[in-house]
Amino acid sequence: MNLSELQEIATLKGFTHHFSATGNHVTCDGKEVSYSANDLTIIDSRSVDSGTDPGDDATLYMIEARDGTRGTLIVPSSFYTEHDKAELIDHLRSQSR
């Protein structure tokens, strides 16, 4: 399964928005609406591992905000992960324990 297929599955499950992590806030669809990490919960995640090119590996996180907004955050393999995305995912994972 490739990343575009995972995105399609997420959309079918109602995760129609796109989250982005910047500093201490998460924006949705590039709009001014922003969330703190405490407003979000990881519902599911799926990974793509092509096996030959680590640059193609990524994890798609299906996230729900407290206000019911459901969207995805794509995080490339650890070597290529942006610092803000990595911190957000680490925080969200620690909340779910």
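All values reported here derive from a predicted model rather than from experimental measurement.

Draft legend 1. Structural view of the pairing of strand β1 (residues 17-22). Sheet analysis places β1 next to strand β6 (residues 70-76), joined by two bridges and oriented parallel. Across the sheet, residue His 18 finds its bridge partner in β6, namely Thr 72. Inspection of the sheet shows β1 paired to strand β2 (residues 25-28) by four bridges, in the antiparallel sense. Residue pairing across strands places Phe 19 opposite Cys 28, the latter belonging to β2. Linking β1 to β2, which pair antiparallel, is a turn of two residues; within it Gly 23 sits at a positive phi near 60 degrees.

Draft legend 2. Just the sheet that holds β6, in detail. Read from one edge of the open sheet, six strands run β3-β2-β1-β6-β5-β4, paired in mixed fashion. Two strands lie at the open edges of the sheet, namely β3 (34-35) and β4 (40-48), each paired on one side alone. Two strands pair when backbone bridges link them, and β4 and strand β5 (residues 58-65) are joined in this way by eight bridges, in the antiparallel orientation. Bridging across to β5, Ser 45 finds its partner in Tyr 61. Helix α1 (residues 3-12) contacts β4, β5 and β6 of the sheet and is inclined by roughly 15 degrees relative to β5.

Draft legend 3. Representation of the packing of aromatic side chains. According to the stated counting rule, one finds one aromatic pair in the structure shown. With a centroid separation of 5.9 Å and an interplanar angle of 75 degrees, the aromatic rings of Phe 19 and Tyr 35 are classed as edge-to-face. In this pair, Phe 19 sits in strand β1 while Tyr 35 sits in strand β3, placing the two residues 16 residues apart along the sequence. The exposure class of Tyr 35 is buried, given its relative accessible area of 7%.

Draft legend 4. Examining the pattern of salt bridges more closely. Under the criterion given, the structure shown has three salt bridges. Of the charged contacts in the structure, one is a salt bridge between Asp 44 and Lys 13, with a shortest N-O distance of 3.7 Å. Here Asp 44, found in strand β4, pairs with Lys 13, found in the loop between α1 and β1; they are 31 residues apart in sequence, far enough to count as distant. Asp 44 sits in the partly exposed class, given a relative accessible area of 22%. The salt bridge partner of Arg 46 is Asp 44, with a shortest N-O separation of 3.3 Å. Here the salt bridges do not stand alone but share partners, grouping Lys 13, Asp 44 and Arg 46 into one network.

Rules used throughout
Throughout, a residue's number is its position along its own chain's written sequence, starting from 1. Predicted model: local features are reported for residues with pLDDT of at least 70 only, side-chain atom pairs are reported and counted for 80 or more only, and whole-chain, interface and lining totals are derived from all residues. Working from all heavy atoms in the structure, the side-chain values ignore hydrogens and water. Strands qualify as paired when DSSP identifies two bridges or more between them. Helix and strand assignments follow DSSP, with helices taken as H or I runs no shorter than four residues and strands as E runs no shorter than two, numbered in order from the N terminus. Only heavy atoms enter the contact rule, under which two residues are in contact if any of them lie within 4.5 Å. Comment: axis = line fitted to C-alpha atoms, over the contacting stretch for helices; angle = value between 0 and 180 degrees taken between N-to-C directions. The rule is short: rings of Phe, Tyr and Trp, with Trp giving its six-membered ring, pair when the centres are within 6.5 Å, and they are stacked under 30 degrees, edge-to-face over 60, tilted in between. Exposed residues in this analysis have more than 50% of their type's maximum accessible area, buried residues have under 20%, and partly exposed residues fall in between, with area computed by a 1.4 Å probe over protein chains only. Every case where a carboxyl oxygen of Asp or Glu lies within 4 Å of a side-chain nitrogen of Lys or Arg is listed as a salt bridge.

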